[in-house]
Amino acid sequence: MSTKDFIEKDYYKVLGVPKDATEAEIKKAYRKLAREFHPDANKGNAKAEERFKEISEANDILGDPKKRKEYDEARALFGNGGFRPGPGGAGGSFNFDLSDLFGGAQGGGQAGAGGFGGGLGDVFGGLFNRGGPGTTRTQPRRGQDIDTEVSLSFTEAIEGATVPLRMSSQSPCKACAGTGDKNGTPRVCPTCVGTGQVARGSGGGFSLTDPCPDCKGRGLIAEHPCAECKGSGRAKSSRTMQVRIPAGVSDGQRIRLRGKGAPGERGGPAGDLYVTVHVDSHPVFGRKDDNLTVTVPVTFAEAALGGEVRVPTLGGPAVTLKLPPGTPNGRTMRARGKGAVRKDGTRGDLLITVEVSVPKDVTGKAREALEAYREATAGEDPRAELFQAAKGA
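Residues numbered from 1 in each chain as written. Predicted model: local features only at pLDDT ≥ 70, side-chain atom pairs only at ≥ 80, totals over all residues. Heavy atoms only, no water.

**Thoughts on helix α4 (residues 46-62)**
Along an α-helix, residues three or four positions apart point the same way, because every turn accommodates 3.6 residues.
Moving on, step 1. With 17 residues, α4 should reach 24 Å at 1.5 Å per residue; the first-to-last C-alpha distance of 24 Å fits that figure.
Moving on, step 2. Among the residues of α4, those classed as buried are A48, F52, I55, S56, A58, N59, D60, I61 and L62.
Moving on, step 3. Of the residues flanking the start of α4, the one acting as N-cap is N45, its side-chain oxygen 3.1 Å from the backbone nitrogen of K47. (Helix = DSSP H or I, 4+ residues; strand = E, 2+ residues; numbered from the N terminus. Expected span 1.5 Å × (residues − 1). Buried < 20%, exposed > 50% of the residue type's maximum accessible area, 1.4 Å probe, protein only. Polar contact = N/O pair within 3.5 Å; in protein donor to acceptor, adjacent residues only side chain to side chain.)

In C-alpha cells form, the structure reads like this:
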C-alpha cells in the first residue's frame, strides 16, 4: 500500500463507523462485514472479494491502536488527502522548512522524523521520498499478510488447540531464487533507481510517491525473465503450519500471528497471519463472555423442598448444586471457576439456570400426593398480585 493510499482512503467509511468509534465498535463492524463479503460465502463474486480485501485492510489499520493513531494524525495533517496550505495561500507557500519537519537532523539537532516516535516518521519518509532519486539501493519489501479461517469445536475453543492450517501465498520463486531473472542477474530499475517508487508532483514544493510502474515496486528489472514467475520473483506456494489457538477464543475472533504470513523480499520481514475463528455450538453448554452457561432440569419437589443436584461441567467432574427450598423456575446460580479461560489464565464461572420439569403423565401414588397437595393449598392464589397490578396500571 502506498503512502498516498494510506492517507486518501477513508477506512472509517469502509467499515461504516464514525471516527470516534471504540475498538469494540470497530471489531463488531468488521466481523459483520467480513461474514457478509467473505469469498467462501460469495463464490465467483469478484466485487465481493474486492470488498472483503478493503474491509480487511481497513480493519488492519483501525484495529491496531498504533496504526490507527498514525493514520488519524496523517489524515489530520494532510487534510484527508491534500496538504493544508499555509498562510501563503493555495499556491503552497509555507512559513516553515519541510526538511526540518520530516528530514534528517539539521545543524546537529535531532532528526525530524524522530519527533513522531518513529511511526509517522516512516510514513512521511516514504511520502516525501527521503533519500531522493540518487539512491541506488533496492529496498527490502515486507511480505504480504495472509487471511485464513479455522473451525473449532466448542471444547477446543475453551481449552485451546493446535490445528494444522494449509495456506497459499506468494513466496520467492525457487527457479530464480527470487530474482525474477533466469540467470539470477536482474538489473536495477532505471526509472526508480532501485527504490521501487516514483515521485508524483503535487505542487507546494513537495511530492507524493507511487509504486514504480516499470518494476511494479520491486526496484529490479529482469533482463531475462524467469519462465516460472514471469520476472516477478514471486511464485505461489503452499505450506502447512501447525498453529496454536489460545484457550478462551470466541466465535468470530480474529487472531494475529506476527511474522507467520508470506515471506519478504530482499531481507524484508515476513507478513502477518490473521486467523478468523469459527466455533461450533455445544449440545449442553453455551457461553456468555468468559462464563459458560447450562440449563439444568429439576423436579417440582427439589425446587419446592430444596435438595442437592449434580451438574455436569465442560471436560471436568460434575459439581453439586445445593438448591434452597422454594427455588423458583429460571433462577440462575453460579459455580465459580468452571467457565472459559481468560487472558490472564484464570477461569470464568459456570452459570446454572434451574428449569422445573413438569411430568407429562402422573399416575398412582404420585397423582394422589399431588391431589392432596392441591386440596391443602386451595386457598392460595399465585395470580392474585398479577390481577391487582393489572387493575392499578
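The rest of the description comes next.
**With respect to the pattern of salt bridges**
As a working rule, side chains carrying opposite charge can pair if their charged atoms are close by.
Moving on, step 1. If you walk through the whole model with that rule in mind, you get 18 salt bridges.
Moving on, step 2. Among the salt bridges present, the one from D64 reaches R256, with a minimum N-O distance of 3.0 Å. In this pair, D64 is assigned in the loop between α4 and α5 (65-77) and R256 in strand β8 (residues 254-257), connecting sequence segments 192 residues apart.
Moving on, step 3. Judged by relative accessible area, R256 falls into the partly exposed class, the value being 26%.
Moving on, step 4. Of the charged contacts in the structure, one is a salt bridge between R68 and D72, with a shortest N-O distance of 4.0 Å. Note that R68 and D72 are positioned in helix α5 at a spacing of 4 residues, about one turn of the helix. (Salt bridge = Lys/Arg side-chain N within 4 Å of Asp/Glu carboxyl O.)

**Thoughts on the nonpolar core**
Moving on, step 1. Within the largest apolar cluster, 20 residues are counted, with the highest numbers of intra-cluster contacts made by L292, V294, V311, L323, L350 and I352.
Moving on, step 2. Broken down by secondary-structure element, the contributors of at least two residues to this core are α8 (154-159), β11 (291-298), β12 (307-313), β13 (316-323), β14 (332-335) and β15 (350-356).
Moving on, step 3. A per-element tally of this core places β11 first, with 4 residues.
Moving on, step 4. L292 has contacts with F154, I158, G286, R287, L314, K338, G339, A340, D349, L350 and L351, leaving out every residue within four places of it along the chain.
Moving on, step 5. Y12, L15, A21 and F37 belong to the second-largest nonpolar core, a separate cluster that totals 19 residues. (Core = buried A, V, L, I, M, F, W, Y, C linked by side-chain atoms within 4.5 Å. Contact = heavy atoms within 4.5 Å.)

**Some points on the packing of helix α3 (residues 23-37) against α4**
Moving on, step 1. Taken N-terminus to C-terminus, the directions of α3 and α4 make an angle of 160°; their axes are 9 Å apart at the nearest point. By the criterion of interaxial angle, the relationship of α3 to α4 is roughly antiparallel. Every pair of crossing elements has a handedness; the one defined by α3 and α4 is left-handed. Here I26, Y30, L33, A34 and F37 of α3 lie close against α4, whose contacting residues are A48, R51, F52, I55, S56, N59 and L62.
Moving on, step 2. Here the residues of the contact of α3 with α4 are counted per class, giving 9 nonpolar, 2 polar and 1 charged. (Axes fitted to C-alpha atoms, helices over the stretch in contact; angles between N-to-C directions. Parallel < 35°, antiparallel > 145°, perpendicular 65-115°, else oblique. Left-handed = near helix turned anticlockwise from the far one by under 90°. Nonpolar A, V, L, I, M, F, W, Y, C, P; charged D, E, K, R; others polar.)

So, to be careful, I would describe these as geometric facts and stop short of saying anything about function.
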